[in-house]
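Observations on the model geometry
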Amino acid sequence: MPLLRPRPSPRARHCSPLLCALHRLAMSSSAAPSPPSTSAAAEYHCRTKHSLTAGYARSPGRLDWANQPNPFVRFSPRAPNLSPQPAPALSAVPYASLLHFPPPPPQPLTVDSLSALLFHSLALSAWKSAGLSTWSLRVNPSSGNLHPTEAHLVFPLPQEPGRLAIAHYAPRDHLLEVRASAPIRDFSAILPASATAVLVLSSVFWREAWKYGERALRYCNHDVGHALAAVALAAAALGWDARLLDGLLDEDLARLIGAPWVERQHPDCAVLLFPAGSDPEVDYGRMSEALKGLDAVEWVGEANRLSKDHVVWDVVYRTADQVKKHNPASGEQFSMLPWHRSPALSEGLYKELTVQEVVRTRRSAVDMDGVHVMGIDTFYQILLHCLPSGEVGPGERQGLQNAMPFRVLPWDAEVHAALFVHRVSGLPKGLYFLLRNKEHFDALRSAMRHDFEWVRPEGCPDGLPLYRLMKGDCQRLAMQISCFQDIASHGCFSLGMIARFDPVLHENGEWMYPRLFWETGVLGQVLYLEAHAVGISATGIGCYFDDAGPG
Ligand SMILES: Cc1cc2nc3c(=O)[nH]c(=O)nc-3n(C[C@H](O)[C@H](O)[C@H](O)COP(=O)(O)O)c2cc1C
């Protein structure tokens, strides 16, 4: 297969200490420039910034339709598949109650309940056509609708005690292709007694790089976050909890998805699905040992080639390799948090929609009307649901993520939001900041412009750490920063996601780089669903100038 390589990038710029993650709109602080970081993540992040002065990150600059990667992987010769038809419905759980109360009683693990999980998280949800083209859309959003994220499920084979199935999820046909089934000696190390199944996510970078070139790694990881949130919410509607198995290392994850495909897939993460309220005992060392048993397993079928040619954007693959998790983080343990309700003003602010209706009919807005004014209670309610935690108990860490669906992530919140408020009734237009982890307040404040106000808006609920930074009409600024897209200025508000950058990588390791994007993706999916559930629409904005900001 011919491999085409792009020329090396001529651009090199310094990194700001804040990560401006994508989704809706991003802005950076006017922090004093930090010394250039030498980490692979920082280098990649700086190199792939869009800049008002130095130009856009490297990309193909045109769409090579003849080589558009197929968004669907299938294995041949055909693997045995499990495909319950029609796809089972979820019981009618109201969307708002899922966030405010403990989940419904757990459904038993069956092929049908797993099918319901996938149908409400990673399945196709609509077909569209224009002219001669027809394309599908999915429950989980993806920048450019390119869908780099693939999923495998690991579950006990029905009626075959001690045997484990590893199946690839094929969304076009909504079926599970069983690629491997094996008797596993230490079965309970992989699926602890109280657990149900493990879901593994991986990315096909080429699908995203085909359009976005070097920036693809950011988008793929952000899409992993969308998928995590989608899975966590669908699981909750089935009475299950979902939590990253983040003590697994890259080599463990690779074992769970089998032999490499023609266009490489990159293992991202695994999530344990288990009955809510139970506390599965996970021992990462034992799990890792047991997974070695998969080395002897025979994988069924070969993946279809996704395109004729394949451009290798080296920096994407290289950086993905450099930020893999190869060593366990010290003291890393799987621990489950008690269920916390997300803070609520009133469930009456939501349309009467079930989880099923919200997740399967969510769509990205293609335009904003520039007229609608959002009620201030709705605005505050949406932001309350963006907080990582319901209530922070005495002695608990401020950034603990235990609210739905953030509880899928085992680290404390790292991602904050800077909001351009354009049209919210009773709230002055301006730039605001949602602090998702109060422990970062001092660091963020001192990294930003010193004339920012940091004033709590009048009437803002006590539990909502929202600050006004400056008053004023930010519509033009929002549009400019967002690659001159009107969607950023014509909505009620737009926002950018911001994280401490160097400190996070320094304190934990470079493997946190993709995880920051997973967190932005979870937050992005929450915003999508919240908008839909209150009767309006949202959209992601992946194109923004990373370092542009006010003044
Ligand atoms: C992270 C992300 C970034 C996006 N960036 C843009 C953008 O910059 N401009 C735009 O018009 N649409 C953008 N979109 C919207 C996508 O094109 C849209 O999500 C995609 O076509 C799939 O449609 P769906 O979300 O309705 O499934 C973005 C979507 C996501 C999830």
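Note that the structure is predicted; figures quoted are calculated from it, not measured.

The subject of this paragraph is the overall build of the protein. A count of helices and strands for the protein gives 15 helices and 18 strands. Across its three principal axes, the protein shows a C-alpha extent of roughly 65 × 55 × 55 Å. Within the protein, buried positions represent 61% of all 551 residues. Considering only contacts within the protein whose residues lie at least 6 apart along the sequence, 80% involve residues at least 24 apart. Counting every atom, the protein has about 21,000 Å² of accessible surface; 53% of that belongs to carbon and sulfur.

Once that is clear, we can look at a nonpolar patch on the surface. Residues Leu-52, Tyr-56 and Phe-484 make up a contiguous nonpolar surface patch of roughly 330 Å² in combined accessible area. With respect to the helices, strands and loops of the structure, Phe-484 is situated in the loop between helix H13 (475–481) and strand E18 (493–500).

One way to put it is that helix H1 (residues 40–47) packs onto helix H9 (residues 314–322) with a least axis distance of 9 Å and a crossing angle of 150°. Judged by the angle between their axes, H1 and H9 are roughly antiparallel. Like other packed secondary-structure pairs, H1 and H9 cross with a definite hand, here left-handed. For the pair H1 and H9, the contacting residues are Ala-40, Tyr-44 and Arg-47 in the first and Val-315, Arg-318, Thr-319 and Gln-322 in the second. Of the residues that constitute the contact of H1 with H9, the class distribution is three nonpolar, two polar and two charged.

Attention shifts here to the packing of helix H5 (residues 205–212) against helix H6 (residues 216–237). Between H5 and H6, the least distance of the axes is 8 Å, while the angle of their chain directions is 130°. When the axes of H5 and H6 are compared, the pair comes out oblique. The way H5 lies across H6 gives a crossing that is right-handed. In contact with Phe-205, Glu-208, Ala-209 and Tyr-212 of H5, H6 contributes Ala-216, Leu-217, Tyr-219, Cys-220 and Asp-223. For the contact of H5 with H6, the residue count by class is seven nonpolar, no polar and two charged.

Arg-362, Arg-363, Ser-364, Gln-485 and Gly-542 are the nearest of the 21 residues found near the ligand. Side-chain polar atom of Ser-364 to an oxygen atom of the ligand: 2.4 Å apart, as the coordinates give it. In this structure, Gly-540 approaches the ligand through a main-chain N or O atom, which is 3.2 Å from a nitrogen atom. Isolated, the ligand exposes 610 Å² of accessible area, and the fraction of that covered by the protein chains is 82%. Going through the elements one at a time, strand E6 (133–138) and H6 are the ones with two or more residues in the shell around the ligand. Here the shell around the ligand is composed, by residue class, of six nonpolar, twelve polar and three charged.

To continue, consider the nonpolar core. Of all hydrophobic cores here, the largest spans 112 residues; its most connected members are Leu-228, Leu-273, Phe-379, Leu-419 and Leu-466. A per-element tally of this core places H6 first, with 14 residues. When residues no more than four places from it in sequence are discounted, the contact partners of Leu-466 are Phe-379, Tyr-380, Leu-383, Leu-419, Tyr-432, Phe-433, Leu-434, Val-455, Arg-456, Pro-457 and Cys-460. One finds Phe-187, Val-198, Ile-257 and Phe-334 within the second-largest nonpolar core, a separate group that totals 30 residues.

By the bridge criterion, six bridges tie strand E5 (residues 124–130) to E6 in an arrangement that is antiparallel. When the sheet's bridge partners are listed, Ser-129 is paired in E6 with Thr-134. As consecutive antiparallel partners, E5 and E6 are separated by two residues, and within that stretch Gly-131 has a phi angle of approximately 60°, a positive value.

With respect to topology, seven strands assemble into an open sheet ordered E4-E9-E8-E7-E10-E12-E11, the strand pairing being antiparallel. Two strands in the sheet have a free side with no partner beyond their single neighbour: strand E4 (81–82) and strand E11 (240–244). Relative to strand E10 (residues 197–203), strand E7 (residues 149–156) runs antiparallel, the two being bridged by six bridges. Considered in E10, the bridge of Ala-151 is made with Leu-201.

Looking now at helix H15 (residues 512–533). Helix length check: H15, at 22 residues, gives a terminal C-alpha distance of 31 Å against a target of 32 Å (1.5 Å per residue), a fit within 8%. With respect to burial, H15 is a largely interior element, 22 of its 22 residues being buried. Of the residues flanking the end of H15, it is Gly-535, one or two places downstream, whose phi is positive at about 95°.

This part is about unusual backbone geometry. The omega torsion of the bond from Met-404 to Pro-405 falls at -10°, within 30 degrees of zero and hence cis. Tracing the backbone through its elements, the reader meets Pro-405 in the loop between helix H11 (376–384) and strand E15 (415–421). Although it is not a glycine, His-147 adopts a positive phi angle of roughly 50°. Within the element layout of this structure, His-147 appears in the loop between E6 and E7. In this structure, Trp-454 takes a positive phi of about 55° despite not being glycine.

Cut-offs used in this document
Residues numbered from 1 in each chain as written. Predicted model: local features only at pLDDT ≥ 70, side-chain atom pairs only at ≥ 80, totals over all residues. Heavy atoms only, no water. Helix = DSSP H or I, 4+ residues; strand = E, 2+ residues; numbered from the N terminus. Buried < 20%, exposed > 50% of the residue type's maximum accessible area, 1.4 Å probe, protein only. Contact = heavy atoms within 4.5 Å. Areas by Shrake-Rupley, 256 points an atom, 1.4 Å probe, with all protein chains shown as cover. Patch = residues over 30% accessible without salt bridge, like charges linked within 9 Å, V, L, I, M, F, W, Y side chains within 5 Å. Salt bridge = Lys/Arg side-chain N within 4 Å of Asp/Glu carboxyl O. Axes fitted to C-alpha atoms, helices over the stretch in contact; angles between N-to-C directions. Parallel < 35°, antiparallel > 145°, perpendicular 65-115°, else oblique. Left-handed = near helix turned anticlockwise from the far one by under 90°. Nonpolar A, V, L, I, M, F, W, Y, C, P; charged D, E, K, R; others polar. Near = heavy atom within 4 Å. Polar contact = N/O pair within 3.5 Å; in protein donor to acceptor, adjacent residues only side chain to side chain. Core = buried A, V, L, I, M, F, W, Y, C linked by side-chain atoms within 4.5 Å. Pairing = 2+ DSSP bridges. Expected span 1.5 Å × (residues − 1).

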